[in-house]
Amino acid sequence: MALMLRRFRQIPRVLPCIFSGVHYQRSEQPINPFSTPLPHAWKKVNGGLVDRGCQAYRFSTISELSHESCPEVEILPYIESAFDSLEGPSHCWLNKVEESKNFSKRDRIFLVLAGVFCEDSLMLGFDSVVMFEKLKSLQQRYPLLHVMGFLSGCSSFSGADKSHLLQIIMKEYITFPILLSNKDFSEMAGGACYILFKEFRSPLIYHEKDVDVGTLNKAVEELYTQDKGESATLQNWKSNGLKQSDSTKEPYVGSLQNLLLYYPGCISVDESGNRLFLSDSNHHRIIIFSGNGKILDCIGSAPGFEDGEFESAKLARPAASFYHADEDCLYFVDSENHAIRRADMGTRVLETLYPPCNTNKKKNGLWSWIVNKLGMEKDADTKPAEFDSGLLMFPWHLIKLVDGDLFIINRSFETLWIMALASGEIKEVVRGIPKVLEICGEMIMEKLAVLNKMPHDWLQQQVDSNFSLEGIPYAGLMSSLATFQDDIVICDTVAQRILRLNGESGDFTNLEFSNFGILGLPYWFSFPLERVCAVGNLIRGANADHFQSFSFLPGKINIQLMVEIPEDTELVEPLQDGCIWRLARGAAAVVSGVEDLVASSAKVGVAQQWYDELDNLAFFTPEPESDAEEENTTLDTPFQEEKVRIDCAVNTSPGTSEVIVYAALYLKLKRNPNSQERNPEKNAARILNILEPEKSGKITRESCIQFLSKWNEDVEDLIFMKPLHVRIGLESLSHPKAENAKETVLTETSIQVNVFL
């Protein structure tokens, strides 16, 4: 860790000064926004990139000539003044965590996208998708580049606008903060623009939405290396390869991440095997479930880019997929990783088809596992090779052809990649919507033909979050629906649910999921491993739901947690053991929590306990479930109507120890059968009070309430996850004296801990 800190301190110490601002306007020359390599392969960039499609004009920022300065310069002092608080008299931030101190450092390089976040902007068109993809590609390539959005003139910010903004963040997977201002910068009425600057002075302004991404890339590099004259330090500033878990963040949308589904983007089916494959995109996982909603398996453990077994593999916003019956494999798009992945359903192993990776074998030793989990691994497990300009860039849709080729299309339908399924080689790249539709327009329309059976009102609702091409309405829904057993299954990315349309009656029903233990403990609930292992008192800084201390004689301690769930809620199903994580540190070791696990009464050294615990975490693999044994393969914890019981037993030695219990409780609001009144906003506020009563800001909270209530009349049907975090401190005294000095007296104690959520 000390070595890592020293390296971080060596990140560019003194950024160069920059000259007076430059104002860019687009010329009449055509611009290709995809003319540069992709972020994950940008190891060598052609230094000969030119500012194609732009004309540059200098302007001065000296005070004596302020009346001639570019209007956008006036925005910089305002943005700087808003950095110190989430909300102020004339501003508020969305998608920004209050604890993110690094963003407030004024001496960094900033790239601002201004004026494209409102309803009457370009938000509903394909051009906005391209603009966000440019920004995200630079953000991935330059992790130290501070990217943000800016929207002015929000004095009459309605609830619908808040909901719309939140929907944009989820749909586009925006990870940078957005500043909203009630001040009217009328000079920005000319449209969207990029503003690049350092230390809040001498900005470079790029008007027009179609400015080449190569121009922006070159400007960022020149701004950094202007006074250096060398690229060595620049390489340290760039990401080395693209390891998503290290170089990207996640959107901050309040409590919406705790919904069961978080932007369920795409779905495919295996009718012969009675399986459906749902891309729970913003949870970075693929949920495999049966036709009746029982969850069978899950691919992906956390955001990142890593091959391996399903429970350890990492994805970054999976999208469209298809099942290959002959191979018993699922092929899917890994959108934010710009990759195509293949999941072997038999061996439960995920591998990368594209981009091609080095063949170095992954080290499976315990030390390698510890180094990886602590974030000290030097190289990613999958290290892309060098690529040409035909690389994948934020792919989304996937079509398998009869001849074995794949059609891969991005969300804007601007680019089509034709890939050989057998080799993973890109055979051809087609650019431009007209050319893409000329090749695969009929296939797109064929997939969308089932929309004729959909209610018109529901389709109109989806217009806000999906696209329509000329002649092909609702084209963005192409990968969000599938036929299954004469029914139609649809991903509702607006209401965060899966709908099933009965082929005979035409009635819509919500697909009800079960068997949540397969999903395990969500990655955003987990306590960082390095903090769990650290020496010292962690209790003060931990946001535990309950903490209690006890003092006992050494021996076995049976702990029984009685958890009272929030008022007016109910468990969707009994809590399964797969949703619970038990950990002991110090002079204790967990010996139970799973039935029929036999514990040894012999004393075990603390160091050995630690390594044993790591072995269990690193190499434990749950047995796959069988439909025929549905009643016996699930381990449920006992519960009452409003209480959940969690059992944990530990062996203690003399000294201080701590027992940590995490659990994911799947809840929904309890319906009142005597009340006919429906108040979606009130029910949405109740859910937010349960999940995050004080953490999110006022604007974020109001946006979440508007979002949930606008698209869900029956908010009571929403399933959400309530995290449980309990810490129990144990002080074990010395062993009592025995008649024989060589004997050790061990005791057994039972305690009950009451937890109120």
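Residues numbered from 1 in each chain as written. Predicted model: local features only at pLDDT ≥ 70, side-chain atom pairs only at ≥ 80, totals over all residues. Heavy atoms only, no water.

Naming follows an unreviewed UniProt entry, where the protein chain appears as NHL repeat-containing protein 2 of Vitis vinifera.

Here's the deal with the overall build of the protein chain
Counting its regular elements, the protein chain contains 14 helices and 34 strands. Sorting the 757 residues of the protein chain into buried and exposed places 54% on the buried side. Within the protein chain, counting contacts between residues at least 6 apart in sequence, those at least 24 apart form 72% of the total. (Helix = DSSP H or I, 4+ residues; strand = E, 2+ residues; numbered from the N terminus. Buried < 20%, exposed > 50% of the residue type's maximum accessible area, 1.4 Å probe, protein only. Contact = heavy atoms within 4.5 Å.)

Some thoughts on the sheet that holds strand 23 (residues 426–431)
The 4 strands are arranged 20-21-22-23 in an open sheet whose pairing can be described as antiparallel. Of all strands in the sheet, those with a lone pairing partner are strand 20 (395–400) and strand 23, marking the two edges. With direction set aside, neighbouring strand axes in the sheet form an average angle of 20°. Two elements, strand 21 (residues 405–410) and strand 22 (residues 415–420), share 5 bridges in a ladder whose sense is antiparallel. (Pairing = 2+ DSSP bridges. Axes fitted to C-alpha atoms, helices over the stretch in contact; angles between N-to-C directions.)

A short note on the sheet that holds strand 10 (residues 275–280)
Sheet architecture is open: 4 strands sit in the order 9-10-11-12, paired in antiparallel fashion. Where the open sheet ends on each side, the last strands, each with one partner, are strand 9 (264–270) and strand 12 (295–299). Adjacent strand axes in the sheet meet at a mean angle of 20°, parallel and antiparallel pairs treated alike. Sheet analysis places strand 10 next to strand 11 (residues 285–290), joined by 6 bridges and oriented antiparallel. What sits directly across from Ser279, in strand 11, is Ile286.

Examining the pairing of strand 33 (residues 720–732)
Within strand 33, 11 of the 13 residues are buried, leaving the element largely enclosed by the surrounding structure. When strand 32 (residues 643–669) meets strand 33, the two strands line up antiparallel, connected through 13 bridges. Residue Ile660 lies in a different strand from strand 33, and its bridge partner there is Arg727.

What to know about the nonpolar core
Of all hydrophobic cores here, the largest spans 135 residues; its most connected members are Leu256 and Phe513. A total of 14 residues in this core trace back to one element, the largest contributor, which is strand 32. Residues within four places of Leu256 in sequence aside, it is in contact with Leu166, Met170, Tyr262, Cys704, Phe707 and Leu708. Among the nonpolar cores identified, the runner-up in size contains 30 residues, and Phe413, Ile444, Met478 and Leu481 belong to it. (Core = buried A, V, L, I, M, F, W, Y, C linked by side-chain atoms within 4.5 Å.)

Here we look at the environment of Tyr323
Relative to the helices and strands, Tyr323 resides in strand 16 (residues 318–324). Measuring from C-alpha to C-alpha, the distance between Tyr323 and Arg275 comes to 9.8 Å, with 48 residues separating the pair along the chain. A polar side-chain atom of Tyr323 sits 3.1 Å from a polar atom in the side chain of Arg275. In this structure the side chain of Tyr323 is engaged in a polar contact, spanning 2.6 Å, whose partner is the side chain of Asp328. (Polar contact = N/O pair within 3.5 Å; in protein donor to acceptor, adjacent residues only side chain to side chain.)

Focus: the pattern of salt bridges
Considering all chains together, one arrives at 24 salt bridges under this definition. Measuring nitrogen to oxygen at the nearest pair gives 3.8 Å for the salt bridge that ties Lys218 to Glu222. Taken together, the residues span about one helical turn, with Lys218 and Glu222 both in helix 5 (residues 213–225) at a distance of 4 residues. Among the ionic pairs, Asp334 bridges to Arg341, the shortest N-O distance being 2.5 Å. (Salt bridge = Lys/Arg side-chain N within 4 Å of Asp/Glu carboxyl O.)

Description of the packing of aromatic side chains
Following the criterion strictly, the structure yields 14 aromatic pairs and no others. For the ring pair Phe516 and Tyr666, a centre distance of 4.4 Å and an interplane angle of 15° mean the geometry is stacked. Pair noted here: Phe516 is in the loop between strand 27 (508–510) and helix 11 (529–533) and Tyr666 is in strand 32, with a separation of 150 residues, a long-range link. Looking at Phe516, the relative accessible area reads 1%, which means it is buried. (Phe/Tyr/Trp six-rings, centres within 6.5 Å; stacked < 30°, edge-to-face > 60°.)

Concerning the packing of helix 13 (residues 680–691) against helix 14 (residues 698–711)
At their nearest, the axes of helix 13 and helix 14 sit 8 Å apart, and the two run at 130° to each other. Judged by the inter-axis angle, helix 13 sits oblique to helix 14. As helix 13 packs across helix 14, the resulting crossing turns out to be right-handed. For the pair helix 13 and helix 14, contact is made by Pro680, Glu681, Ala684, Ala685, Leu688 and Asn689 and by Arg701, Cys704, Ile705, Gln706, Leu708 and Ser709, respectively. (Parallel < 35°, antiparallel > 145°, perpendicular 65-115°, else oblique. Left-handed = near helix turned anticlockwise from the far one by under 90°.)

Quick word on helix 9 (residues 433–447)
Look at helix 9: only 18 Å from first C-alpha to last across 15 residues, short of the 21 Å you get at 1.5 Å a residue. Of all the bends in helix 9, the largest measures some 70° and sits at Cys440. Taken residue by residue, helix 9 has Ile433, Val436, Leu437, Cys440, Gly441 and Ile444 as its buried positions. (Expected span 1.5 Å × (residues − 1). Bend = angle between axes of the 7 residues up to and from the residue.)

Quick look at the environment of Leu757
Along the chain, the position of Leu757 falls in the segment after strand 34 (747–756). Sequence-distant contacts of Leu757, that is, excluding residues within four places in its chain, are made with Asp545, Val563, Glu564, Pro566, Leu665, Lys722 and Leu724.

Section: the side chain of Lys722
The topology assignment puts Lys722 in strand 33. The buried charged residue Lys722 lacks any salt bridge, with Asp545 as its nearest oppositely charged partner at 4.7 Å. For Lys722, the side chain forms a polar contact with the main-chain oxygen of Ile690, separated by 2.8 Å. Excluding its chain neighbours within four sequence positions, the residues that come into contact with Lys722 are Ala663, Ala664, Leu665, Leu667, Ile690, Leu691 and Leu757. (Lys, Arg positive; Asp, Glu negative; His and termini not counted.)

Regarding unusual backbone geometry
Residues Tyr354 and Pro355 are joined by a peptide bond in cis, for which omega reads 5°. If you trace the backbone, Pro355 turns up in the loop between strand 19 (349–354) and helix 8 (366–373). With a phi close to 60°, Glu199 is a non-glycine residue in the positive phi region. For Glu199, a relative accessible area of 32% translates into the label partly exposed. We note that Asn274 has phi near 55°; this positive angle belongs to a residue other than glycine. Within the secondary structure layout, Asn274 lies in the loop between strand 9 and strand 10.

Describing the confidence of the model for the protein chain
Scored by pLDDT, the protein chain comes out at a mean of 75, with 67% of its residues at no less than 70. Predicted confidence for residues 359–363 stays below pLDDT 50, and this span has 4 contacts to residues more than four positions away or in other chains. (pLDDT = per-residue confidence, 0-100.)

Brief notes about the side chain of His284
Locating His284 in the fold gives a position in the loop between strand 10 and strand 11. Within the structure, His284 has its side chain in polar contact with the side chain of Glu250 (distance 3.0 Å). Setting aside residues up to four positions removed in sequence, His284 forms contacts with Tyr173, Glu250, Ile299, Gly300, Ala302, Pro303, Leu315, Ala316, Arg317, Pro318 and Tyr523.

Some thoughts on the environment of Asn95
Within the secondary structure layout, Asn95 lies in the loop between strand 3 (91–94) and strand 4 (109–114). For the pair Asn95 and Val253, spaced 158 residues apart in the sequence, the C-alpha separation amounts to 6.1 Å. Side-chain polar atoms of Asn95 contact the backbone oxygen of Ile174, separated by 2.7 Å. Separated by 2.5 Å, the side chain of Asn95 and the backbone nitrogen of Tyr252 make a polar contact.

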